[in-house]
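Next come the chains, spelled out residue by residue.
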Amino acid sequence: MAGIKIKMTDSCDAVERELDKVLQKFGCVSEHFNRTIDKQIEFIKALKQQFEEVSDEYELTPNQASILCDAVSQVRETVSRAATDHRDLHSSVSKVGKAIDRNFNPDFGAITRDGLFSGERAKILTQVVCQHLYRQGMLDIGDGLCKEAGLELDGTYKEPFVELHRILEALKQQDLTPALDWSADNRDALIAQGSSLEFKLHRLAFLNLVKKGRWYQSAAITYARQNFSQFVKRHEREVQTLMGCLLYVPAGMEGSPYAHLFDNGLWDDIQDTFTRDACARLGLSVDSPLAVCFSAGCTALPALLNICQVMQARQVSSIWNGKDELPIEIDLGKEFHYHSVFACPILRQQASESNPPMRLMCGHVISRDALHKLASGNKLKCPYCPGEQNPNEARLITF
Ligand SMILES: [Zn+2]
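Residues numbered from 1 in each chain as written. Predicted model: local features only at pLDDT ≥ 70, side-chain atom pairs only at ≥ 80, totals over all residues. Heavy atoms only, no water.

Trainee: Any chance you could explain the packing of helix H6 (residues 177-185) against helix H8 (residues 197-211) here in plain terms?
Mentor: To describe two helices that pack against each other, one gives the angle between their axes and the distance between the axes. Two numbers describe how H6 lies on H8: the axes approach to 9 Å, and their chain directions differ by 150 degrees. Crossing of H6 over H8 shows left-handed handedness. When H6 is examined against H8, the residues Ala 179, Leu 180, Trp 182, Ser 183 and Ala 184 are found in contact with a partner set consisting of Leu 197, Glu 198, Leu 201 and His 202. A class-by-class count of the residues in the contact of H6 with H8 yields 6 nonpolar, 2 polar and 1 charged. (Axes fitted to C-alpha atoms, helices over the stretch in contact; angles between N-to-C directions. Helix = DSSP H or I, 4+ residues; strand = E, 2+ residues; numbered from the N terminus. Left-handed = near helix turned anticlockwise from the far one by under 90°. Contact = heavy atoms within 4.5 Å. Nonpolar A, V, L, I, M, F, W, Y, C, P; charged D, E, K, R; others polar.)

Trainee: I would appreciate a short explanation of the coordination of the zinc ion in the present structure.
Mentor: Octahedral metals with six donors have ideal donor angles of 90 or 180 degrees. Tetrahedral metals with four donors have an ideal donor angle of 109.5 degrees. Distances from the zinc ion to its protein donors, Cys 362 (SG), His 364 (ND1), Cys 382 (SG) and Cys 385 (SG), fall at 2.0 to 2.3 Å. If you look at the zinc ion, its 4 donor atoms make angles of 103 to 114 degrees with each other, and the shape they trace is tetrahedral. On the basis of relative accessibility, which here comes to 30%, the residue His 364 falls in the partly exposed class. (Donors = N, O, S within 2.8 Å, 3.2 Å for Na, K, Ca; no water. Tetrahedral: all angles 85-135°; square planar, octahedral: opposite > 155°, others 65-115°. Buried < 20%, exposed > 50% of the residue type's maximum accessible area, 1.4 Å probe, protein only.)

Trainee: Teacher, can you tell me more about the sheet that holds strand E4 (residues 365-367) here?
Mentor: By way of backbone hydrogen bonds, the strands of a sheet pair with one another, either parallel or antiparallel. Within the open sheet, the 3 strands sit side by side as E4-E3-E7. Their pairing is antiparallel. Either end of the sheet is taken by a strand with one partner, and the two such strands are E4 and strand E7 (395-396). Taken together, the 3 bridges between strand E3 (residues 357-359) and E4 define a ladder with antiparallel strand orientation. Following the sheet pairing, Met 358 is matched in E4 by Ile 366. (Pairing = 2+ DSSP bridges.)

Trainee: Explain the state of the cysteines to me, please; I cannot follow it from the model alone.
Mentor: A covalent bond bridging the sulfur atoms of two cysteines is what the word disulfide describes. Counted by the stated rule, this structure contains 0 disulfides. The thiol sulfur of Cys 12 is not disulfide-bonded, and the nearest other cysteine sulfur, from Cys 298, lies at 12 Å. Residue Cys 12 is classed as partly exposed on the basis of its relative accessible area, which comes to 34%. (Disulfide = S-S within 2.5 Å.)

Trainee: Would you take a moment to explain empty space enclosed by the protein for this structure?
Mentor: Any space left empty among the atoms is revealed by the rolling of a water-sized probe across them. In the structure shown here, the tally under the stated rule is 1 cavity of 30 Å³ or more. Here the largest cavity is characterised by a volume of approximately 70 Å³. Together, Leu 204, Leu 207, Asn 208, Lys 211, Leu 261, Phe 262, Asp 263, Asn 264, Leu 266 and Trp 267 line the largest cavity. When residues in the lining of the largest cavity are grouped by element, the largest group, 4 residues, is from H8. (1 Å grid on protein atoms, 1.4 Å probe; cavity = no way out; pocket = protein on both sides within 12 Å on 5 of 7 lines; lining within 4 Å. Points joined across faces, edges and corners; volume = space filled by probe spheres on them.)

Trainee: Honestly, the nonpolar core in this entry has me stumped. Any pointers?
Mentor: Nonpolar side chains tend to gather and get buried jointly when the protein is soluble and globular. Judged by nonpolar contacts, the single largest core of 45 residues is most densely connected at Leu 176, Leu 201, Phe 206, Leu 207, Val 210, Phe 228 and Phe 274. Counting residues per element, this core draws most heavily on H8, at 9 residues. If you look at the next biggest cluster of nonpolar residues, it comprises 11 residues, including Met 358, Ile 366, Ala 370 and Cys 385. (Core = buried A, V, L, I, M, F, W, Y, C linked by side-chain atoms within 4.5 Å.)

Trainee: I'm lost on the domain arrangement of the chain in this one. Help?
Mentor: In many analyses, interface size is given as the accessible surface area lost on bringing the parts together. Domain assignment breaks the chain into domain 1 (2-54 + 62-97), domain 2 (154-281) and domain 3 (343-396). Relative placement of domain 1 and domain 3: their C-alpha centres are 75 Å apart. (Domains from an automatic or database assignment.)

Trainee: I keep staring at the packing of aromatic side chains and nothing clicks. Help me out?
Mentor: The way to describe two aromatic rings as a pair is by their centre distance and the angle between their planes. The tally for this structure, following the rule as stated, stands at 5 aromatic pairs. Taken together, the ring pairs in this structure connect Phe 199, Phe 206, Phe 228 and Phe 231 into an aromatic cluster. The cationic tip of Lys 212 hangs over the ring face of Tyr 216; the distance from NZ or CZ to the ring centre is 4.8 Å. (Phe/Tyr/Trp six-rings, centres within 6.5 Å; stacked < 30°, edge-to-face > 60°. Lys NZ or Arg CZ within 6 Å of the ring centre and 35° of its normal.)

Have a look at this one:
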């Protein structure tokens, strides 16, 4: 992996070097032109003014005529130089494109398979793309794609995203009402999943009143009385803090120990909290499946391309054909870990439905195929401890 990373960084550096050259050229050209063009504009403006001041019958002296001719030819020269510089810039820009082609492998053919997205899978792919568009709030584009692809998704498919998006947009405008309504409707389920969304929304509504100053102090107290009692059990300390900040209303919050409650951090946080908790409530993942696949692919692609090159060079590329698994294990990092997996320590394979993990009587776990291989009749000797046992007593376990 380290080798691949170094190669990637080298490639990026090479492209960046070309990019720096372009930027430097752009800088020089624009600086030069800003200077000359400003000067010329000023000069021509002055000439124009002089023209306006004299009468229509005025005849230019030879000296004035030659100044005018010079000015015109200078402008022409500047324009033609601008055109030349522009052409030069273009060649530098295209060098960046060439550097990208040279340093990165544009051919992903080796790591895809024909027919991967045909038939039923094509439909699923379109559905995933649509879901992503709906999630991003691009409802019209999602609808358009459905129509063009002949995909019929029923209303229930789109609805949750429409609502999520509407509420999120309101939160971005610091409007809490839609989110408060939604969380009151879903109160029991939110509490069951351990969410503090509703409390956080009420806290912001309360702080909004406090922020308005002393004339809203009694409104803030009324709001607290009406809404905070249900949260005292779960958020006792936070409610105490909120009540404490009321003391500073007359003097102003700035410089008070509660000033941190009024920065925009809580507003950023509420959008994340809402997205996370609402997605959990609706049984959706926080990131769209397409976004997750895309970033997993970006991480995995360099390693896969590299191993493919090695396999082709050693003429063993055929061993990857027709298998639904990758030729190497790729660690995508913690954020891509969703559930535990079990790899059999004997067969060195990931457990599957057809070969599930089995717990032996001694507590050690191996896969069922390994268990069958190690057992002889009614006897099995655990490969990890001297415990001898009956293989039929092993229990299937589920992660
Ligand atoms: Zn054992």
